[in-house]
Structure formats: C-alpha cells, structure tokens
Amino acid sequence: HAKERGKNHYQVYETSLRTKRDERLRIEKRLRKATENQQFQLYYQPQVDLKENKVVGFEALLRWNDEKLGDVSPGVFIPIAEDSGLIFPIGDWVLEQACYQAKQWYDKGFSTRMGINISPKQFQRPDFVGKVKNIIEKTGVNPSLLDLEITENDLLYNRDECFKTLKRLKDIGIQISIDDFGTGYSSLSYLRRFPIDTLKIDQSFIREVIENTNDQAIVTSIIQLAHNMNMRVIAEGVETAEMVMFLNERNCDEMQGFLYSKALPADNVMDFVNEKEPTAVLHS
Ligand code: C2E
Ligand code: MG
Ligand code: MG
Ligand code: MG
C-alpha cells in the first residue's frame, strides 16, 4: 500500500511539475509577443513624506494585460523575463518610459522623483550606465529626479564592478535605493562602502508591525541604521493609520502603500495628487 501511495504521490508531483513548466513556457511565449509589441503599461505609486504630508516621489510599477492570459502580475512575469533574457528589452522600455514621464510632469510644473526598479541582470550588464546615460539624453530628464531601486542581492557579486557602476550613476546625479531592505542575502558591510541614498523597508516587516514586537524592533533598527548613516528611509506596504503613527513616532522619512494609494495610470496621477494633496511639490 505504502509503495502504491508513494508511486501515486510521485505521479502527482511529476504532473504538477510538468503543468508548471508548460504554464511558464506559455507565459514566456506571450511575454515575448508583448515585448515585441510593447504591450506594457507603467503605473505610478505615490511616495509620501511623513513630516510634510506631501507626495515627494513615485515608484514606477510595470503592468501587463495580455489578451489571452489577462492581467499577469510582475511577481509572476518578472522572474520569467529574467530567465529568458526578455528583461533586457523590457527593462530598457521601463527606463525610457519612466524618464519620459518624469520629464513630462516636470514640464507641467510637477517636479517629482521617479523610482525605477532595476533587475539584477540589467544592473550587472556592462553597458548599463551607458544605456542610462543615453536614455537621459534622449528624454531630457533631469538625472537628479531619478531614483534607481536595486536589491541587496545585486551587491553580492563582483563588488568592485558594482561599486564602479554605483559610483558612475552617482556622478551623473542619480539617486540609489535598496529595495526590499532586510530580505536579501548580503551582509551589512556593503552599506559602509557603497554610495546609497535610501533604504526601503520591505513590506513583510510592516505587515504586522502593530502586533509583532519583533517586527517593531526590526523596523525601528532599520530607521536608526539609515539615519545614522545619513540615508533616508521609506516604509513599503503601509496600509493603516496605526502604521503611519508608528512610523512617524520613529521618524521614518517616507511611506508608500495602499493606505495612501495603489499604483495609478499616468493620466490619473496629476488629478489624484491635486485633489488629495494640494501642497504637492509644485515649482513655478
Ligand atoms: P517592489 O519593487 O518591492 O514593489 C512594491 C510592490 O508592493 C508592488 O507590487 C506594489 O503594488 C505593492 N504594494 C504597494 N503598496 C502596498 C500595500 O500597501 N500592500 C501590499 N500588500 N502591497 C503593496 P507589484 O506592482 O505587483 O510588483 C511586485 C514586484 O515586481 C516589485 O516589488 C518589483 O520587484 C517587481 N517589479 C515591478 N515592476 C518592475 C519593473 O518595472 N522592473 C523590474 N525589474 N521589476 C519590477
Ligand atoms: Mg521597488
Ligand atoms: Mg519593495
Ligand atoms: Mg519586491
């Protein structure tokens, strides 16, 4: 009996593996098509300064609605894009689109920081900085508005190359954030060495921060660490007013989350910001 059950179990396992692989291949095929036809959209999630209570930046988040697959979340298709190499054309598109948008808003008098997610493969590419420079030139965006989000894991390999890349980006005037801070595999020692402007506290530490004293300790420590090293700190995944109070008491600089707004299509951003926050960074 046990043997039979074991066999069945194995079959189920094998079938589900095959289904998973087929599903992945199917998504990859559609993704290739979407990449060729540029069937993506960028949405923008506001980042709010906690002291001033105003929008100071946006994070560009990629959206894909496929006619056959429907909405596919970046959590699903970004890893497939990375494995298949599609992340290079997709990443280029994201960079250019986000820069155009920042420039357009700037020209309308709305001077706002633009956070752009950079995948490890993109970042480690030898011509990455050259690519960024070209896009800045092409779009005419002010590089000081750009805030590239990389993860701790990006900094694990080839530290010298990594340092050079970051240094070159900083020299252009670009800001650097560490995304999902606290969840990666690297040691804290890189913070000493690398020119980093902002730590983004991963949402997994914020989710239960009101109930969980361990999360409270972690979040409080990350805020202190950032400030002691002259970095800014943003909390991700802020969903309740209690969380805002907690973060405010601990002097967290900025927050981002569904409480304030989810990511919005570009066309809705100006209206939203004007309605919800009249003191948004307007320059004359
Ligand atoms: P991330 O960069 O950490 O982005 C934050 C994610 O948290 C976004 O999910 C956002 O919609 C979600 N989020 C924001 N506020 C809240 C909240 O209050 N509660 C909850 N539960 N979630 C919140 P999204 O858009 O599904 O993106 C998932 C991940 O996919 C991103 O995580 C990022 O790693 C990746 N990604 C998205 N767009 C791009 C892109 O253009 N390029 C690259 N390389 N990766 C991207
Ligand atoms: Mg991000
Ligand atoms: Mg994050
Ligand atoms: Mg993430």
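Residues numbered from 1 in each chain as written. Chains lettered and ligands numbered in written order. Predicted model: local features only at pLDDT ≥ 70, side-chain atom pairs only at ≥ 80, totals over all residues. Heavy atoms only, no water.

**Thoughts on a positive patch on the surface**
Step number 1: On the surface, Arg-26, Lys-29, Lys-33 and Lys-68 cluster together to form a positively charged patch.
Step number 2: Within the fold, Lys-33 resides in helix H1 (residues 2-36).
Step number 3: Residue Lys-33 is classed as partly exposed on the basis of its relative accessible area, which comes to 45%. (Patch = residues over 30% accessible without salt bridge, like charges linked within 9 Å, V, L, I, M, F, W, Y side chains within 5 Å. Areas by Shrake-Rupley, 256 points an atom, 1.4 Å probe, with all protein chains shown as cover. Salt bridge = Lys/Arg side-chain N within 4 Å of Asp/Glu carboxyl O. Lys, Arg positive; Asp, Glu negative; His and termini not counted. Charge placed at Lys NZ, Arg CZ, Asp CG, Glu CD. Helix = DSSP H or I, 4+ residues; strand = E, 2+ residues; numbered from the N terminus. Buried < 20%, exposed > 50% of the residue type's maximum accessible area, 1.4 Å probe, protein only.)

**Observations concerning the site of ligand 1**
Step number 1: Contacts to ligand 1 come from 20 residues, most closely from Arg-63, Asp-179, Gln-203, Glu-239 and Phe-258.
Step number 2: Residue Leu-62 places a main-chain N or O atom 3.1 Å away from a nitrogen atom belonging to ligand 1.
Step number 3: Here an oxygen atom of ligand 1 sits 2.8 Å away from a polar atom, N or O, in the side chain of Arg-63.
Step number 4: Summarising the interface, the protein chains cover 80% of the accessible area of ligand 1, which totals 810 Å² for the free molecule.
Step number 5: In a pocket analysis with a 2 Å cut-off to the grid points, ligand 1 is assigned to the largest pocket.
Step number 6: Among the elements of the structure, strand S2 (54-66), helix H2 (74-84) and strand S6 (175-181) are those that each provide at least two residues to the shell around ligand 1.
Step number 7: The leading source of residues in the shell around ligand 1 is S2, at four residues.
Step number 8: Each residue belonging to the shell around ligand 1 can be placed in one class, and the counts come to seven nonpolar, six polar and seven charged. (Near = heavy atom within 4 Å. Polar contact = N/O pair within 3.5 Å; in protein donor to acceptor, adjacent residues only side chain to side chain. 1 Å grid on protein atoms, 1.4 Å probe; cavity = no way out; pocket = protein on both sides within 12 Å on 5 of 7 lines; lining within 4 Å. Sits in = over half its atoms within 2 Å of the grid points. Nonpolar A, V, L, I, M, F, W, Y, C, P; charged D, E, K, R; others polar.)

**With respect to the environment of Val-76**
Step number 1: Here Val-76 is to be found in helix H2.
Step number 2: A relative accessible area of 39% means that Val-76 is categorised as partly exposed.
Step number 3: For Val-76 and Cys-252, which are 176 residues apart along the polypeptide, the C-alpha to C-alpha distance reads 30 Å.

**A short note on the coordination of the magnesium ion (ligand 2)**
Step number 1: For the magnesium ion (ligand 2), the full set of protein donor atoms is Glu-59 (OE), Asn-117 (OD1), Glu-149 (OE) and Asp-179 (OD), at a range of 2.0 to 2.2 Å.
Step number 2: Here the donor residues for the magnesium ion (ligand 2) map to a single chain with the spacing E-x57-N-x31-E-x29-D.
Step number 3: Taken as an interatomic distance, the gap from the magnesium ion (ligand 2) to the magnesium ion (ligand 3) is 4.2 Å; Asp-179 donates to each of them. Here Glu-149 lies in strand S5 (residues 146-151) and Glu-59 lies in strand S2, a separation of 90 residues in the sequence.
Step number 4: When its relative accessible area of 1% is taken as the criterion, Glu-149 is described as buried. (Donors = N, O, S within 2.8 Å, 3.2 Å for Na, K, Ca; no water.)

**Considerations on the pairing of S5**
Consecutive side chains along a regular strand alternate between the two faces of the sheet.
Step number 1: Counting buried positions along S5 yields five of six residues, so the element is predominantly enclosed.
Step number 2: In this structure, strand S4 (residues 113-117) lies alongside S5, joined through four bridges in parallel fashion. Along S5, the bridge assignment pairs Ile-116 with Leu-148.
Step number 3: Note that S5 and S6 share five bridges and pair parallel. The residue bridging Leu-148 from the neighbouring strand is Ile-176, located in S6.
Step number 4: With respect to chirality, the unit in which S5 leads through helix H6 (residues 159-172) into the neighbouring parallel S6 is right-handed. (Pairing = 2+ DSSP bridges. Right-handed = clockwise from strand over helix to strand, strands pointing away.)

**With respect to unusual backbone geometry**
Step number 1: Here the phi dihedral of Gln-38 falls at roughly 50°; this positive angle occurs in a residue that is not glycine.
Step number 2: Phi is positive for Asn-251, which is not a glycine, with a value near 65°.
Step number 3: For Asn-251, the location among the structural elements is in the loop between helix H10 (241-249) and strand S9 (254-256).
Step number 4: Overall, the relative accessible area of 40% leaves Asn-251 in the partly exposed class.

**So, the packing of helix H3 (residues 87-107) against helix H5 (residues 128-139)**
Step number 1: Taken N-terminus to C-terminus, the directions of H3 and H5 make an angle of 35°; their axes are 9 Å apart at the nearest point. The element H3 and its partner H5 pack so that their crossing is right-handed. In this structure, H3 contributes Asp-92, Leu-95, Glu-96, Cys-99, Tyr-100 and Lys-103 to the contact, and H5 contributes Phe-128, Lys-131, Val-132, Ile-135, Lys-138 and Thr-139.
Step number 2: Taken together, the residues of the contact of H3 with H5 break down into six nonpolar, one polar and five charged. (Axes fitted to C-alpha atoms, helices over the stretch in contact; angles between N-to-C directions. Left-handed = near helix turned anticlockwise from the far one by under 90°. Contact = heavy atoms within 4.5 Å.)

**Some remarks on the nonpolar core**
Soluble, globular proteins show a tendency: their nonpolar side chains are buried together.
Step number 1: Among the nonpolar cores identified, the biggest contains 78 residues, and Ile-196 and Leu-247 are the most heavily contacted of them.
Step number 2: Among the elements that make up this core, the one with the highest residue count is H3 (nine residues).
Step number 3: Those residues in contact with Ile-196, other than ones at most four positions away along the chain, are Leu-155, Ile-176, Ile-178, Tyr-190, Leu-191 and Met-231. (Core = buried A, V, L, I, M, F, W, Y, C linked by side-chain atoms within 4.5 Å.)

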